[in-house]
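So you can see what is in the structure, the chains are spelled out below.
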Amino acid sequence: MIEIKELTLTLPHMTPHQGERLGLDVAQRLLDTLPPKYANGNIDALDIRLTAAKGLDHNQLVNDIASQIHYQLLNR
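Since the structure is predicted, the reported quantities are computational estimates derived from the model, not experimental observations.

**Q** Is there a simple way to think about the packing of helix H1 (residues 16-33) against helix H2 (residues 58-74) in this case?
**A** Two quantities define a packed helix pair, namely the angle between the axes and the distance from one axis to the other. Here H1 crosses H2 at 55°, and the two axes come no closer than 9 Å. With respect to each other, H1 and H2 are oriented oblique. Every pair of crossing elements has a handedness; the one defined by H1 and H2 is right-handed. For the pair H1 and H2, contact is made by Arg 21, Leu 22, Asp 25, Val 26, Arg 29, Leu 30 and Thr 33 and by His 58, Asn 59, Leu 61, Val 62, Asn 63, Ile 65, Ala 66, Ile 69 and His 70, respectively. Across the contact of H1 with H2, the residue classes break down as eight nonpolar, five polar and three charged.

**Q** Teacher, can you tell me more about H2 here?
**A** Count 3.6 residues to each turn of an α-helix, and residues three or four apart come out pointing the same way. Taking 1.5 Å of rise per residue, 17 residues should cover 24 Å, and H2 covers 24 Å from first to last C-alpha, within 8% of that figure. The residue sitting at the N-terminus of H2 and contributing the capping side-chain oxygen is Asp 57; that oxygen lies 3.1 Å from the backbone nitrogen of Asn 59.

Calculation rules
- Residues numbered from 1 in each chain as written.
- Predicted model: local features only at pLDDT ≥ 70, side-chain atom pairs only at ≥ 80, totals over all residues.
- Heavy atoms only, no water.
- Axes fitted to C-alpha atoms, helices over the stretch in contact; angles between N-to-C directions.
- Helix = DSSP H or I, 4+ residues; strand = E, 2+ residues; numbered from the N terminus.
- Parallel < 35°, antiparallel > 145°, perpendicular 65-115°, else oblique.
- Left-handed = near helix turned anticlockwise from the far one by under 90°.
- Contact = heavy atoms within 4.5 Å.
- Nonpolar A, V, L, I, M, F, W, Y, C, P; charged D, E, K, R; others polar.
- Expected span 1.5 Å × (residues − 1).
- Polar contact = N/O pair within 3.5 Å; in protein donor to acceptor, adjacent residues only side chain to side chain.

See the structure below:
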């Protein structure tokens, strides 16, 4: 299980419900792609910065965020 305790976004066109769904989907994507040692670990904080065009597809946004987190975790 991967739980994202806080995900701060600046996306004016996203509702709180959409933001919550995004966090859940990113956590699921990470669970599917990270090595098992990360599944029950604790990651204090990561700073992920992305530029997202208005109207960016939800799945692509999930992929972009999860990819950045994945990259940072595996290249520490």
